[in-house]
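Geometric and topological summary
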Amino acid sequence: MRATGTVRGKYRVHGPPPRTRSREHTTVQTLLAKPVTQIPDGDLATLRRKARDCHACPLWKRATQTVFGAGADDARVMLIGEQPGLQEDVQGLPFVGPAGRLLDRALDEAHLDRTTLYLTNTVKHFKYELRGKARLHKRANAAEQAACRMWLAAEVARLQPRVVALGAMAAQTLFGSTFSITRERGRWHRLGPDTEGFATWHPSAVLRTPDEQRARVYRQLVQDLSEIVKRIAADG
Ligand code: URA
């Protein structure tokens, strides 16, 4: 709250500027750095059911289905990607396409069992542009990310897991708009009294990296994922 006594006194008479009032009144407290206006109720199964009919932004109109998070309901670690791709849109599950296969390989090498994790995305619908008959991935814009953020906030609130952001979209949602993966990847940040997280490369970014650097970036991803194993082991 920025207001001083004098300013607050002035507001009492005249009312605050409308933008300030609406922001203060509609934002709820979450573990995410970016603002969320509401958190849907219910356990993960209920949230998944409610999200099927989400019309909070226009992406639902052209997507096959909502791709909600999936994995262990008691997962202590949540991996958060950006948005579903073509395969995820068709199958209704996160990380089942090419990026998911690379992630599976990296998880294996880091000795992490995918079935013990919860995988989700920052945005839950596939966004694409048509090139002939092909549906080509298009990045969700700020308004679409903001509209979808309540679902991620709800998933994090229900599970209270350690969180790992894969790529800039998830990292900035969790840690703020100025967060840089290049500068800060692999470093734990506290997100609340009971949880913490870090960010690392998105598997698609590894796939897009030029041949001569891909192996190095992939090793960094595996090394960062190994941090999770160390942290869990330290818990005892
Ligand atoms: N990329 C993502 O960010 N998420 C997926 O589920 C698939 C690809």
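If you're wondering where the values come from, they're calculated on a predicted model, not measured in any experiment.

1. Remarks on the overall build of the protein
For the protein, the helix and strand inventory stands at 10 helices and eight strands. Relative to its 236 residues, the protein shows a buried fraction of 36%. Contacts in the protein between residues at least 24 apart in sequence constitute 70% of all its contacts with a sequence separation of at least 6.

2. Brief notes about the pairing of strand β4 (residues 128–131)
A regular strand carries its side chains on alternate faces of the sheet. In terms of strand pairing, β4 meets strand β5 (residues 134–137) through four bridges, oriented antiparallel. Residue pairing in the sheet places L130 in a bridge with R135 of β5. Connecting β4 to the antiparallel partner β5 that follows it, the hairpin turn spans two residues, and G132 within it adopts a positive phi of roughly 65°.

3. A short note on the pairing of strand β6 (residues 162–166)
Counting buried residues in β6 gives five out of five residues, a clear majority hidden from the surface. Side chains R162, V164 and L166 project from β6 onto one buried face, and the interleaved V163 and A165 project onto a second face that is buried too. In the sheet, strand β2 (residues 77–81) pairs with β6 via four bridges, with the strands oriented parallel. Its bridge partner being in β6, L79 is matched across the sheet by V164. As paired elements, β6 and strand β8 (residues 195–200) share four bridges and run parallel to each other.

4. Some remarks on unusual backbone geometry
With a phi close to 60°, H111 is a non-glycine residue in the positive phi region. Within the secondary structure, H111 sits in the loop between α5 (98–109) and β3 (118–121). Of note, Q160 is a non-glycine position whose phi angle comes to about 45°, a positive value.

5. With respect to the site of the ligand
Among the 13 residues in the neighbourhood of the ligand, the closest are listed as G81, E82, G85, P94 and A99. Split by residue class, the shell around the ligand holds four nonpolar, seven polar and two charged.

6. Regarding helix α6 (residues 142–159)
End to end, α6 covers 25 Å across 18 residues, agreeing with the expected 26 Å (1.5 Å per residue, within 8%). All of the buried residues in α6 are Q145, A147, C148, R149, M150, W151, L152, A153, A154, E155, V156 and L159. Where α6 is buried, its residues touch α3 (44–51), β2, β3, β6 and α7 (168–175). One or two positions beyond α6, positive phi appears at Q160, with a value near 45°.

7. Side note on the environment of T26
Structurally, T26 is set in helix α2 (residues 18–26). With 12 residues separating them in the primary sequence, T26 and Q38 have C-alpha atoms 7.5 Å apart.

8. Here we look at the confidence of the model for the protein
Mean pLDDT over the protein works out to 91, with 89% of the residues at or above the 70 mark. For the stretch residues 1–23, pLDDT sits under 50, and the model shows four contacts to residues farther than four places along the chain or on other chains.

9. Side note on the sheet that holds β6
Note: strands within a sheet are paired through backbone hydrogen bonds, in either parallel or antiparallel orientation. Sheet architecture is open: six strands sit in the order β1-β3-β2-β6-β8-β7, paired in mixed fashion. Lying at the two open borders of the sheet, with one neighbouring strand each, are β1 (70–71) and β7 (189–192). Its contacts with the sheet put helix α10 (residues 211–235) on β2, β6 and β8, and the angle it makes with β8 is roughly 165°.

10. Things to note about the packing of α3 against α6
Interhelical geometry of α3 versus α6 gives an angle of 170° and a closest axis separation of 10 Å. Judged by the angle between their axes, α3 and α6 are roughly antiparallel. Contact with α3, carried on its side by L44, L47 and A51, involves W151, A154, E155 and R158 of α6 and no other residues of that element. By residue class, the composition of the contact of α3 with α6 is five nonpolar, no polar and two charged.

11. Brief notes about the packing of α5 against α10
Pairs of packed helices are described in terms of their axes, by the angle between the two and the distance that separates them. Following both chains from N to C, one finds α5 and α10 inclined at 55°, their axes separated by 8 Å at the closest point. One element, α5, and the other, α10, form an angle in the oblique class. For the pair α5 and α10, the sense of crossing is right-handed. Two secondary-structure elements touch here, α5 through A106, L107 and E109 and α10 through Y218, L221, V222 and L225. Residues of the contact of α5 with α10, tallied by class, amount to six nonpolar, no polar and one charged.

Parameters at a glance
Residues numbered from 1 in each chain as written. Predicted model: local features only at pLDDT ≥ 70, side-chain atom pairs only at ≥ 80, totals over all residues. Helix = DSSP H or I, 4+ residues; strand = E, 2+ residues; numbered from the N terminus. Buried ≥ 20, exposed ≤ 12 C-beta atoms within 10 Å, placed from the backbone. Contact = placed C-beta atoms within 7 Å. Pairing = 2+ DSSP bridges. Near = placed C-beta within 6 Å. Nonpolar A, V, L, I, M, F, W, Y, C, P; charged D, E, K, R; others polar. Expected span 1.5 Å × (residues − 1). pLDDT = per-residue confidence, 0-100. Axes fitted to C-alpha atoms, helices over the stretch in contact; angles between N-to-C directions. Parallel < 35°, antiparallel > 145°, perpendicular 65-115°, else oblique. Left-handed = near helix turned anticlockwise from the far one by under 90°.

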